[in-house]
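Per-entry structural report
So the chains spell out like this:
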Amino acid sequence: MKAIQVTGPRQLEIIEAPMPEPSDGEVLIKLAALSVCGTDMMAYRHPHPEEDYPLGVGTPCHECAGTIVESKSADWPVGRRVIYLPALNLNGGAEYVVAQPETLVSLPDEGDLGEWLMCQPFGTVLYALSQAGQVADMNVAVLGQGCIGLLFTMVLKELGAGKIIAIDPNEHRLAMSRKLGANLAINTSRVAPVKVVQEVFGNLGADVVVDATGDAKALDTCVEMARMYGTLVLFGIPEERKVTFDYLAAISKQLTMIGTVSATCEDPARPIQEAVDILSKGKIDLSWMITHRFAFDEAPAAYDLYANRNDGLIKLILNI
């Protein structure tokens, strides 16, 4: 079978790999739609020790959907369409994968698998906001308007947030922010966002600040934007493992800081299944997320495009 493999920083190849075989209780999935996430950049773009290369087969990819073609689990029959959640292994970039039942999300028989796959990032945002407490009528600043930041903007609007300020240096993303419900979209290449946030929210700061940037320096900005006793929702994962910030400033404001990585919660599939159920009922539209599609053989170009974050990219799909 074909699979991706990273052989060096920003070097990705299509390789031939052995077909996996399911053990008792497992299923074999033929994947049909993959997507790239900012988390994947830790393996793709961020340099690792030379001796670590090549990275594992199928790495990095953790957003993938397909159909069960062999099952040794009574609850997951052949023919069922699923999202597969490889959690922090990021090894879903292959034509076939073996999965355990707890890593599966059931999908309807109809509809584009690429669009259903968007429930994976959507579900992680739902989980994050479920941990954040009250957001209705709250003033919120969302740093970063990539895929995840835009989803935060959309969901916060649906949950009845007061004013939402979207922050990003990319104008096409800010345009989408406005469509999804942002009351104000700030281009950081033109204005100082902290000053604007404080002024708009009455020189107090935001009730809730969401970091969806993956920028190691963003935490200090979040602290500056937050009001006294505010809440920080820390979603973005920097490529650098160690991050420093002004600890005294954070505790002086007595901020509540919430780190939300749904892949490591007690039941990672649950919020994604909730997202699928919401999309199934027609309550939301996620089609706006997919701006690019590639064939699986074009994975090197797709990953490079995502790493550069250009060409109007929000989310891309690799079709197998």
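Here, every reference points to the structure presented above.
Per chain, residue numbering runs from 1 following the sequence as it is written. Per-residue local features are limited, in this predicted model, to residues with pLDDT of at least 70; the limit for side-chain atom pairs, both in listing and counting, is 80 or more; totals at the level of whole chains, interfaces and linings are taken over all residues. By convention in this description, side-chain values take in all heavy atoms of the structure and omit both hydrogens and water.

Considerations on the overall build of the protein chain
Note the cut-off: A run of DSSP states H or I qualifies as a helix once it reaches four residues; a run of E qualifies as a strand once it reaches two. Both are numbered from the N-terminal end. Atoms considered for the radius of gyration are the C-alpha atoms alone. The globule rule reads 2.2 Å times the number of residues to the power 0.38. The buried label applies to any residue whose accessible area, calculated with a 1.4 Å probe on protein chains only, is under 20% of its type's maximum; exposed applies above 50%, and partly exposed to all values in between. Whether two residues touch is decided by their heavy atoms; if any such pair falls within 4.5 Å, the residues are in contact. Here the Shrake-Rupley method, with its probe set to 1.4 Å, supplies the accessible areas, and only the displayed protein chains count as covering residues. In this tally Asp and Glu are treated as negative and Lys and Arg as positive; neither His nor the chain ends contributes. To locate a charge, the coordinates of NZ of Lys, CZ of Arg, CG of Asp or CD of Glu are taken.
Secondary structure assignment for the protein chain yields 10 helices and 15 strands. Its C-alpha radius of gyration of 20 Å places the protein chain within 12% of the 20 Å reference for a compact globule of 320 residues. In terms of overall dimensions, the protein chain has a C-alpha envelope of 60 × 45 × 35 Å along the principal axes. When the 320 residues of the protein chain are sorted by exposure, 52% land in the buried category. The long-range share in the protein chain, meaning contacts at least 24 apart out of those at least 6 apart in sequence, stands at 70%. A total accessible area of about 13900 Å² is found for the protein chain, and carbon and sulfur atoms account for 50% of it. If the 25 positive side-chain charges of the protein chain are averaged to one point and the 40 negative ones to another, these points end up 7 Å apart.

Brief notes about helix α5 (residues 171-180)
For the record, the criterion: Regarding the arc, it is the one traced by the directions from the helix axis to the C-beta atoms.
Turning to α5, its buried residues number three or more, namely Arg173, Leu174, Met176, Ser177 and Leu180. What you see down the axis of α5 is that its buried residues fit within an arc of 160°, all on one side. The inward-facing, buried residues of α5 abut α4 (147-158), β9 (164-168) and β10 (184-187). Gly181, located one to two residues past α5, shows a positive phi value of around 125°.

Section: the packing of helix α3 (residues 119-131) against α4
Using the following cut-off: Axis lines are fitted through C-alpha atoms, for helices just across the contact stretch, and the angle between N-to-C directions can take any value from 0 to 180 degrees. For this classification, under 35 degrees means roughly parallel, over 145 means roughly antiparallel, 65 to 115 means roughly perpendicular, and everything else is oblique. A clockwise turn of the near helix away from the far one marks a right-handed crossing, whereas an anticlockwise turn of less than a right angle marks a left-handed crossing.
For the pair α3 and α4, the least separation of the axes is 9 Å and the interaxial angle reads 55°. Taken together, the axis directions place α3 and α4 in an arrangement best described as oblique. Taken as a pair, α3 and α4 cross one another with a handedness that is right-handed. Residues Pro121, Phe122, Thr124, Val125, Leu126, Ala128 and Leu129 of α3 lie in contact with α4, whose contacting residues are Cys147, Ile148, Leu151, Phe152, Met154, Val155 and Leu156.

A closer look at unusual backbone geometry
In this chain, Tyr53 is followed by Pro54 through a cis amide linkage whose omega measures -5°. Within the secondary structure, Pro54 is located in the loop between α1 (41-44) and β4 (63-71). A cis amide bond, omega 5°, links Thr59 with the succeeding residue Pro60. Relative to the elements of secondary structure, Pro60 occurs in the loop between α1 and β4. The backbone of Arg10 sits at a positive phi, close to 60°, despite the residue not being glycine. Even without being glycine, Tyr229 reaches a positive phi, approximately 65°. Relative to the assigned elements, Tyr229 resides in strand β12 (residues 226-234).

Nothing here speaks to function; it is all geometry.
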